[in-house]
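Results of the structural survey
Chain residues, written in single-letter form:
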Amino acid sequence: MTSTTPTQFQATEANEQPEVVSLLAAGRLLGIGRTKAYRLAKAGEFPCRVLRIGGRYAVPVRGLRALLDPITPGGNNSRPSGREG
């Protein structure tokens with residue numbers, strides 16, 4: 001008899017975010033097409049760090065998030081808070 005309830009290990013794994021995403025996924029988030037993303041990665045000019053793993057490219061999520069959501073040096077998010085004062 002098999003159980004359909006996920007084990008604790010499976011449930012924990014499902015809640016975790018990936019450490020890397022594909023070059024295509026990163027390109028889509030940045031509005032870069034497939035061909036250009038590969039061209040930039042090969043030339044070392046992709047807007048964030050790209051890892052070459054075997055014959056594949058992977059983009060660390062941490063670098064991608066930093067690029068998409070920059071934080072000012074003072075520690076405040078660069079977006080306006082909506083409050084004026």
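Here, every reference points to the structure presented above.
Residues numbered from 1 in each chain as written. Predicted model: local features only at pLDDT ≥ 70, side-chain atom pairs only at ≥ 80, totals over all residues. Heavy atoms only, no water.

Right, let's get into the overall build of the protein chain. When helices and strands are tallied, the protein chain shows four helices and three strands. Starting at the N terminus and ending at the C terminus, the protein chain contains elements arranged as α-β-α-α-β-β-α. For the protein chain, restricting intrachain contacts to residue pairs at least 6 apart in sequence, the fraction spanning at least 24 positions comes to 40%. Accessible surface for the protein chain amounts to roughly 7,300 Å². Of this, 51% is attributable to carbon and sulfur atoms. (Helix = DSSP H or I, 4+ residues; strand = E, 2+ residues; numbered from the N terminus. Contact = heavy atoms within 4.5 Å. Areas by Shrake-Rupley, 256 points an atom, 1.4 Å probe, with all protein chains shown as cover.)

Moving on, we come to the sheet that holds strand β3 (residues 56-60). As summarised here, the arrangement of the three strands in space is β1-β3-β2, forming an open sheet in which the pairing is antiparallel. Only two strands of the sheet have a single neighbouring strand rather than two, namely β1 (20-22) and β2 (51-53). With direction set aside, neighbouring strand axes in the sheet form an average angle of 40 degrees. On the sheet, helix α4 (residues 61-68) packs against β1 and β3 and is oriented at approximately 55 degrees with respect to β3. (Pairing = 2+ DSSP bridges. Axes fitted to C-alpha atoms, helices over the stretch in contact; angles between N-to-C directions.)

So far we have only geometry, and geometry alone does not tell us how the molecule works.
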